[in-house]
Amino acid sequence: MSTAIPDPVATALVSSEQNGLVHGLSAAEFQILSLTCIEAKATAYCPYSLFRVGASLLINPNTATPSPTSTPAIITGANVENASYPVGTCAERVAMGTAVIQGHRIGSFKAIGVATDMDDFCSPCGMCRQYLREFCENEVPIFMFNKRGEYRVMTLGELLPMSFGPDKLPSREVLARGLEEEGKTKVA
Ligand SMILES: O=c1ccn([C@H]2C[C@H](O)[C@@H](CO)O2)c(=O)[nH]1
Ligand SMILES: [Zn+2]
């Protein structure tokens with residue numbers, strides 16, 4: 001038996017029209033999210049791929065530091081490549097790492113923007129989806145902007161269904177007790 005899976009594009013279109021909000025964002029929030037990820041592309045270090053990516057994270061107003069603010073708070077990133085190719089880092093992880101060292105955690109993020117110079121919409125790679133999953137709820141919308149500033153939006157849960165995150169890990173104490181009970185190992 002199969003269950004109908006909602007079409008993400010249709011879902012995005014419906015939710016984008018509600019209450020004058022764009023997927024839950026005010027017009028001002030949406031504008032700054034889009035402008036900042038498009039601008040962040042210019043900061044990319046990508047001499048090998050020449051594929052510029054900019055990312056922006058919209059911080060929830062109540063978790064913004066130093067104090068809650070009505071001006072949307074944004075943290076940006078861009079891809080940073082390396083002569084040893086696999087060492088390079090995507091824009092999304094640069095932005096999220098910056099946010100995390102500023103103290104942001106799950107609950108901090110209202111939306112994510114990703115911009116490229118492509119005609120098509122570029123979605124975060126698998127590694128970035130998992131990296132973002134650590135700090136974002138399934139409902140966080142990810143806006144993907146093409147070179148013309150048009151966008152497609154999907155939530156993190158749509159991009160990474162049935163994901164594995166910190167909430168799925170039992171505590172170390174519970175795991176240790178289980179292993180000891182089975183006599184499998186001695187845990188200090
Ligand atoms: O969502 C994506 C996809 C790719 N890249 C980067 C990695 C690499 O530097 C370049 C080409 O893959 O684009 C990102 O930053 N984000
Ligand atoms: Zn990535």
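Before reading on, note that the structure itself is shown above.
Please read these numbers as outputs of a predicted model, since none were measured by experiment.

Criteria and cut-off values
Residues numbered from 1 in each chain as written. Chains lettered and ligands numbered in written order. Predicted model: local features only at pLDDT ≥ 70, side-chain atom pairs only at ≥ 80, totals over all residues. Axes fitted to C-alpha atoms, helices over the stretch in contact; angles between N-to-C directions. Helix = DSSP H or I, 4+ residues; strand = E, 2+ residues; numbered from the N terminus. Parallel < 35°, antiparallel > 145°, perpendicular 65-115°, else oblique. Left-handed = near helix turned anticlockwise from the far one by under 90°. Contact = placed C-beta atoms within 7 Å. Nonpolar A, V, L, I, M, F, W, Y, C, P; charged D, E, K, R; others polar. Buried ≥ 20, exposed ≤ 12 C-beta atoms within 10 Å, placed from the backbone. Pairing = 2+ DSSP bridges. Near = placed C-beta within 6 Å.

Below, the discussion takes up the packing of helix α3 (residues 91–101) against helix α4 (residues 126–133). Relative orientation and spacing of two packed helices are given, respectively, by the angle between their axes and the distance between those axes. Where α3 meets α4, the closest approach of the two axes is 9 Å, and the angle between their N-to-C directions is 20°. In terms of their interaxial angle, α3 and α4 are classed as roughly parallel. Read as a crossing pair, α3 and α4 show a hand that is left-handed. Note on element contacts: α4 touches α3 through Cys 128, Tyr 131 and Leu 132, opposite Glu 92, Arg 93 and Met 96. Split by residue class, the contact of α3 with α4 holds four nonpolar, no polar and two charged.

Turning our eyes to something else, we now look at the pairing of strand β5 (residues 151–155). Residues in a regular strand project their side chains so that they alternate between the two faces of the sheet. With respect to burial, β5 is a largely interior element, four of its five residues being buried. Pairing analysis gives five bridges linking strand β4 (residues 141–145) to β5, with the strands arranged antiparallel. The partner of Pro 141 across the bridge, within β5, is Thr 155. Between β4 and β5, which follow one another and run antiparallel, lie five residues, and Gly 149 among them has a positive phi close to 85°.

This part is about the site of ligand 1. Around ligand 1 lies a shell of 15 residues, among which Ser 49, Val 53, Asn 79, Cys 90 and Ala 91 are the nearest. Across the shell around ligand 1, the residue classes tally to 10 nonpolar, three polar and two charged.

For the rest of this paragraph, the subject is the environment of His 104. Checked against the element boundaries, His 104 lands in the loop between α3 and β3 (109–116). The buried category is assigned to His 104, around which 21 C-beta atoms lie within 10 Å. Apart from the residues lying within four places of it in its own chain, the contact partners of His 104 are Ile 59, Thr 63 and Ala 99.

What follows deals with the sheet that holds strand β1 (residues 53–59). Read from one edge of the open sheet, five strands run β2-β1-β3-β4-β5, paired in mixed fashion. Looking at which strands have only one partner, the edges of the open sheet turn out to be β2 (73–78) and β5. Going from strand to strand, the sheet's axes swing by 20° on average, the running direction of each strand aside. Alignment of β3 against β4, held across four bridges, turns out to be parallel. Of the residues in β4, the one forming a bridge with Gly 113 is Phe 143. Of the strands in this sheet, β1, β2 and β3 touch α3, which is tilted by about 135° from β2.

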